2 protein chains.
Amino acid sequence: MDNFEFYNPVKIVFGKGTIAQLSSLVPANRKLLLTYGGGSIKQNGVYDQVKQALAGRTVFEFGGIEANPRYETLMKATQLAREKQVDMLLAVGGGSVLDGTKFIALAAGYQKGDPWDILAQHAAPEHALPLGCVMTLPATGSEANMFSVVSRESTHEKLAFAHPLAFPQFSIIDPETTYTLPERQAANGVVDAFAHVMEQYMTFPAHAPLQDRQAEALLATLIEAGPQILQQPRNYNLRATVCWCAAQALNGVIACGVPQDWTTHMIGHEITALYGLDHAQTLAVIMPAVWRHQLPGKAEKLAQYARRIWTISEGEDLASRAIDKTEAFFRSLGLKTRLSEYGIGADRFEEIAGRFERRGLRLGEHQAIGKKEVVEILNLCLQSPPK
Amino acid sequence: MDNFEFYNPVKIVFGKGTIAQLSSLVPANRKLLLTYGGGSIKQNGVYDQVKQALAGRTVFEFGGIEANPRYETLMKATQLAREKQVDMLLAVGGGSVLDGTKFIALAAGYQKGDPWDILAQHAAPEHALPLGCVMTLPATGSEANMFSVVSRESTHEKLAFAHPLAFPQFSIIDPETTYTLPERQAANGVVDAFAHVMEQYMTFPAHAPLQDRQAEALLATLIEAGPQILQQPRNYNLRATVCWCAAQALNGVIACGVPQDWTTHMIGHEITALYGLDHAQTLAVIMPAVWRHQLPGKAEKLAQYARRIWTISEGEDLASRAIDKTEAFFRSLGLKTRLSEYGIGADRFEEIAGRFERRGLRLGEHQAIGKKEVVEILNLCLQSPPK
């Protein structure tokens with residue numbers, strides 16, 4: 001087991017009717033900026049619940065934060081936060097709204113230059129606006145961590161940052177707010193959470209049996225509950241289970257003391273930036289290809305996963321069968337698992353792979369994946385899909 | 001799944017050589033009170049590592065905090081903390097030292113009356129001294145939570161409190177410090193952590209499949225690694241695994257949204273208070289008896305535990321066989337599972353049971369265990385032990 005630090009001060013407020021607790025979670029004297037996305041919160045009643053809980057407070061609003069939140073949009077919100085001198089941010093929506101709001105929180109107080117440097121140069125802000133959130137989409141786990149991913153339209157880039165000032169002070173998760181999610185978003189969320197677990201699990205054995213089993217607890221539960229929420233969208237316990245899985249998948253616990261991969265996410269971000277695929281759509285395509293490409297190094301963990309999660313009995317090809325099962329799981333949720341199914345060919349593969357090289361990044365738990373390997377992985381995404 | 005709140009701001013610093021990080025974890029201008037137990041830290045090198053990391057700081061010391069830390073002892077330390085006007089506490093040792101130090105932290109700033117009221121009356125202190133710890137004994141999980149248990153010699157009472165001001169700011173866990181633990185303490189620690197998981201798990205199905213599997217991850221890992229540390233006391237990965245299990249067992253995660261029991265601990269505390277048995281010794285005796293007494297209500301979870309943890313194939317008596325397996329596990333660690341094996345008879349059972357009644361407490365996940373049931377459970381602890 002590797003040495004590690006674990007710190008996560010987010011207060012999670014979970015359950016039915018918890019949005020009303022905003023009235024006590026937000027100090028009365030705060031001047032708030034409420035951020036949200038395309039407006040679904042105005043249709044599903046969440047906006048009204050939030051406004052009711054905050055009655056009597058000074059609340060400015062910034063709507064229209066898009067999926068894969070854009071730097072260009074977020075800088076407008078940052079401008080508004082500065083102008084109105086707000087002293088707290090409240091993100092209401094999914095991971096994109098919250099990720100964007102984390103960036104606004106840091107950008108608002110960043111004086112040393114262009115806030116894009118927080119993403120591109122890992123510039124460290126010294127202070128930030130405090131933020132809270134009402135999370136309405138189980139997927140990114142952003143409600144339980146200090147991570148954020150932001151895209152830049154002008155350069156077709158999608159970059160991530162991590163900073164302790166980006167921890168939400170509180171995150172309200174009311175599973176009932178997810179009842180009206182479109183099926184595609186609900187399925188995407190399950191795949192996203194599942195992929196987060198896998199990036200922290202599917203590497204090599206590292207003498208961390210508890211962390212392995214904690215990761216497997218999440219995998220087994222997502223495989224069990226994920227498809228069911230599509231059939232029973234108003235089943236509270238199923239929704240609550242998926243919400244809690246998403247938060248637990250990326251709150252840092254299962255990363256303690258173990259190697260991590262994140263190749264799938266890194267390549268996936270480039271696909272989203274260039275072609276506009278949903279984040280989870282890219283994960284369902286890239287992950288099986290990464291595993292097939294990295295089969296020798298990942299064989300032992302793939303076999304453990306095969307036995308414990310898919311109860312595949314012994315055999316020579318445990319690892320490949322586990323990959324097939326995973327692909328079938330993604331497809332059962334309605335996602336495709338080949339780039340070719342999205343009409344994407346090989347023409348920009350060199351460009352994508354070159355981006356990591358230019359940033360000086362090598363991928364994978366051994367940093368063994370360079371430009372050549374990224375192109376090979378992308379080519380595996382063009383093979384015929386399983387029947 | 002029930003509504004819940006989760007908040008745990010403890011910074012965990014885990015791994016080899018981490019005691020040296022005290023120099024950055026403790027602000028340079030703090031006036032410290034270092035608390036410890038019977039002096040084993042002076043034999044195993046931990047004390048020297050701590051003093052070296054804190055070289056140049058103002059450090060007062062209070063040693064001699066005993067197992068099942070006593071109010072009488074802790075009030076002396078509180079007096080010293082007040083006299084010396086220290087502004088931070090550093091507990092170095094096991095759960096008793098840390099539990100005691102949590103009490104000192106709260107008692108030092110408590111002005112409203114006798115600090116015993118924090119335990120006996122759930123009096124809420126308004127401020128406390130900040131505290132950190134170096135945890136050298138995986139058992140109580142105190143390093144990862146806001147709980148503390150304190151005994152009072154004059155009244156033979158052992159009471160618990162929970163308060164957010166009792167969260168350590170940081171907890172250093174270096175598994176190498178556990179290499180020299182006496183076998184009895186190491187075994188006790190495994191049983192204590194195991195019992196913590198069970199108090200949050202062995203109730204009734206509550207539509208919380210993730211929490212169930214997270215608890216089972218801990219149980220399976222403790223069953224696997226626990227006996228091995230007795231055979232290989234200097235195996236780093238095994239020691240690290242048990243240390244991490246103990247911290248994760250009682251950090252609040254597996255309690256989220258599920259019913260809890262704690263009958264075993266409540267009765268166990270009384271046995272320790274009256275007869276001086278080790279905490280874990282009481283748990284190994286009481287827990288099987290509680291389960292046997294509460295078999296109908298717990299049958300469904302016991303059967304799940306039998307199938308998932310002990311891979312017992314189907315049968316009519318899954319639940320009883322799981323209890324037998326658990327008892328055998330405790331005995332394999334060298335613990336006894338009957339009060340009669342400690343020479344304790346029924347003479348004070350009524351007195352013990354009466355204590356809960358006097359405090360207005362009913363026990364169990366349904367508060368269905370009153371005075372009569374406590375006596376019945378204690379009587380089950382007198383049956384002949386398994387062969």
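Student: Any details on the overall build of chain A? Residues and values, ideally.
Tutor: The helix and strand inventory of chain A stands at 15 helices and nine strands. Against the compact-globule benchmark of 21 Å for 387 residues, chain A has a radius of gyration of 20 Å, which places it among compact chains. Along the first, second and third principal axes, the C-alpha set of chain A runs to 65 × 45 × 45 Å. Counting over 387 residues, chain A shows a buried share of 53%. Contacts in chain A between residues far apart in sequence, at least 24 positions, make up 78% of those at least 6 positions apart.

Student: Quick one: what's the story with the pairing of strand 2 (residues 11–14) of chain A, residue by residue and with numbers?
Tutor: Bridge analysis of strand 2 of chain A against strand 9 (residues 170–173) of chain A gives four bridges, and the strand direction is parallel. Note on strand 9 of chain A: the bridge partner recorded for Ile12(A) is Ser171(A). Where strand 2 of chain A and strand 1 (residues 4–6) of chain B come together, three bridges link them in antiparallel fashion. Looking at strand 1 of chain B, one finds that Val13(A) is bridged to Glu5(B).

Student: How would you sum up helix 5 (residues 95–108) of chain B? Please name residues and give values.
Tutor: With 14 residues, helix 5 of chain B should cover 20 Å at 1.5 Å per step; its first-to-last C-alpha distance of 20 Å lies within 8% of that length. Judged by how many residues are buried, helix 5 of chain B sits mostly within the fold: 14 of 14 residues are covered.

Student: A description of the nonpolar core should follow, citing residues and the corresponding values.
Tutor: Judged by nonpolar contacts, the single largest core of 254 residues is most densely connected at Val92(A), Val191(A), Val197(A), Val92(B), Val191(B) and Val197(B). Sequence-distant contacts of Val191(A), that is, excluding residues within four places in its chain, are made with Ala280(A), Leu283(A), Ala284(A), Phe330(A), Leu333(A) and Leu335(A).

Student: Could you give an account of helix 12 (residues 295–309) of chain B, with specific residues and numbers?
Tutor: Each α-helix winds once per 3.6 residues, and so residues spaced three or four apart point in a common direction. Residues and elements named next belong to chain B. Taking 1.5 Å of rise per residue, the 15 residues of helix 12 would be expected to cover 21 Å, yet its terminal C-alpha atoms sit only 18 Å apart, more than 12% below that figure. Lysine 301 marks the point of greatest bend in helix 12, at about 35°. Among the residues of helix 12, those classed as buried are Lys298, Lys301, Leu302, Tyr305 and Ala306. Those residues of helix 12 hidden inside the fold are in contact with helix 7 (183–201), helix 11 (279–293) and helix 13 (318–332).

Student: How would you sum up the interface of chain A and chain B? Please name residues and give values.
Tutor: Every contact between the two is made by 32 residues of chain A and, on the other side, 32 residues of chain B. Among the elements of the structure, strand 1 (4–6), strand 2, helix 8 (209–231) and helix 9 (236–249) of chain A are those that each provide at least two residues to the side of chain A that touches chain B. Looking at the side of chain A that touches chain B residue by residue, the class counts come to 17 nonpolar, ten polar and five charged.

Student: Describe the packing of helix 10 (residues 263–275) of chain B against helix 11 of chain B, with residues and values.
Tutor: All names here are of chain B. Taken N-terminus to C-terminus, the directions of helix 10 and helix 11 make an angle of 135°; their axes are 8 Å apart at the nearest point. When the axes of helix 10 and helix 11 are compared, the pair comes out oblique. For the crossing formed where helix 10 meets helix 11, the hand is right-handed. From helix 10, Thr263, Thr264, Ile267, Gly268, Ile271 and Thr272 reach across to helix 11, where they touch His279, Thr282, Leu283, Ile286, Met287 and Val290. Of the residues belonging to the contact of helix 10 with helix 11, the class tally is six nonpolar, six polar and no charged.

Student: Quick one: what's the story with the environment of Val134(A), residue by residue and with numbers?
Tutor: All names here are of chain A. Position of valine 134 relative to the elements: it lies in strand 6 (residues 131–135). Separated by 121 residues in sequence, valine 134 and valine 13 have C-alpha atoms that sit 9.4 Å apart. Look past the residues within four positions of valine 134 in its chain and what remains in contact with it is Ile19, Val46, Val50, Val92 and Ile172.

Student: Please give an account of the relation of the copies chain A and chain B that cites residues and values.
Tutor: The transform that puts chain A on chain B rotates by 180° and translates by 0.0 Å along the axis, for an RMSD of 0.0 Å. The superposition operator between the copies reduces to a two-fold rotation axis. Taking C-alpha positions as the reference, the residue of chain A nearest the rotation axis is Pro9(A), at 2.1 Å. A share of 100% of the interface residues of chain A reappears at the interface of chain B, consistent with the copies meeting face to face through the same patch.

Student: Got a sec to walk through the sheet that holds strand 1 of chain A? Specific residues and values, please.
Tutor: Strand order in this open sheet of seven strands is 1(A)-2(B)-9(B)-6(B)-5(B)-3(B)-4(B), and the pairing throughout is mixed. A single partner strand is all that each edge strand has here, and the edge strands are strand 1 of chain A together with strand 4 (58–62) of chain B. Averaged over all adjacent pairs, the angle separating strand axes in this sheet is 15°, with direction ignored. The sheet contact formed by strand 3 (residues 31–35) of chain B and strand 5 (residues 88–93) of chain B spans four bridges and is parallel. In the strand pairing of strand 5 of chain B, Leu33(B) is matched with Leu89(B).

Student: I'd like a rundown of the sheet that holds strand 6 of chain A, residues and numbers included.
Tutor: Spatially, seven strands are ordered 4(A)-3(A)-5(A)-6(A)-9(A)-2(A)-1(B) in an open sheet, and the strand pairing comes out mixed. Whereas interior strands pair on both sides, the edge strands pair on one side only; in this sheet they are strand 4 (58–62) of chain A together with strand 1 of chain B. With direction set aside, neighbouring strand axes in the sheet form an average angle of 15°. In terms of strand pairing, strand 3 (residues 31–35) of chain A meets strand 4 of chain A through five bridges, oriented parallel. Following the sheet pairing, Leu33(A) is matched in strand 4 of chain A by Phe60(A). In this fold helix 5 (residues 95–108) of chain A packs onto strand 3, strand 5 (88–93) and strand 6 of chain A, with an angle of close to 165° to the strand it touches most, strand 5 of chain A.

Student: Give a description of the domain arrangement of chain A that names residues and reports values.
Tutor: Residues and elements named next belong to chain A. Domain boundaries assigned for chain A yield domain 1 (11–177) and domain 2 (182–380). Placing the centre of domain 1 and that of domain 2 at their C-alpha centroids yields a distance of 26 Å. Each side of the interface is counted separately: domain 1 has 18 residues, and domain 2 has 22 residues. Breaking the side of domain 1 that touches domain 2 down by element, the ones donating at least two residues are strand 7 (147–152) and strand 8 (157–162). Grouping the amino acids of the side of domain 1 that touches domain 2 by side-chain chemistry returns eight nonpolar, six polar and four charged.

Student: Could you give an account of the environment of Phe329(A), with specific residues and numbers?
Tutor: By the secondary structure assignment, Phe329(A) is in helix 13 (residues 318–332). Separated by 242 residues in the primary sequence, Phe329(A) and Asp87(A) place their C-alpha atoms 44 Å from one another.

Student: Got a sec to walk through the pairing of strand 5 of chain B? Specific residues and values, please.
Tutor: Residue and element names in this part refer to chain B. For strand 5, the buried fraction is high: six of the six residues fall into the buried class. Side-chain alternation along strand 5 places Met88, Leu90 and Val92 on one buried face and Leu89, Ala91 and Gly93 on a second face that is also buried. With five bridges connecting them, strand 5 and strand 6 (residues 131–135) associate as parallel partners. Residue leucine 90 lies in a different strand from strand 6, and its bridge partner there is glycine 132.

Student: Break down the packing of helix 7 of chain B against helix 11 of chain B for me, with residues and values.
Tutor: Residues and elements named next belong to chain B. At a minimum axis distance of 8 Å, the contact between helix 7 and helix 11 shows a crossing angle of 50°. It follows from the interaxial angle that helix 7 and helix 11 lie oblique. The crossing of helix 7 and helix 11 is left-handed. Contacts between helix 7 and helix 11 involve Asn188, Val191, Asp192, Ala195 and Met198 on the former and, on the latter, His279, Ala280, Leu283, Ala284 and Met287.

Student: So what's going on with the environment of Asp347(B)? Residues and values would help.
Tutor: Residue and element names in this part refer to chain B. Mapped onto the secondary structure, aspartate 347 falls in the loop between helix 13 and helix 14 (349–358). Judged by local crowding, aspartate 347 falls into the exposed class, with 7 C-beta atoms found within 10 Å. The spacing of aspartate 347 and glycine 93 is 254 residues in sequence and 36 Å in space, taken between C-alpha atoms.

Student: Help me get a handle on unusual backbone geometry, residues and values and all.
Tutor: At Gln85(A), a residue that is not glycine, the phi angle is positive and equals roughly 50°. Following the sequence through the fold, Gln85(A) ends up in the loop between helix 4 (71–83) and strand 5.

Thresholds, definitions, all that
Residues numbered from 1 in each chain as written. Chains lettered and ligands numbered in written order. Predicted model: local features only at pLDDT ≥ 70, side-chain atom pairs only at ≥ 80, totals over all residues. Helix = DSSP H or I, 4+ residues; strand = E, 2+ residues; numbered from the N terminus. Rg over C-alpha atoms; globule rule 2.2 N^0.38 Å. Buried ≥ 20, exposed ≤ 12 C-beta atoms within 10 Å, placed from the backbone. Contact = placed C-beta atoms within 7 Å. Pairing = 2+ DSSP bridges. Expected span 1.5 Å × (residues − 1). Core = buried A, V, L, I, M, F, W, Y, C linked by C-beta atoms within 7 Å. Bend = angle between axes of the 7 residues up to and from the residue. Nonpolar A, V, L, I, M, F, W, Y, C, P; charged D, E, K, R; others polar. Axes fitted to C-alpha atoms, helices over the stretch in contact; angles between N-to-C directions. Parallel < 35°, antiparallel > 145°, perpendicular 65-115°, else oblique. Left-handed = near helix turned anticlockwise from the far one by under 90°. Least-squares fit on C-alpha atoms with pLDDT ≥ 70 in both. Domains from an automatic or database assignment.

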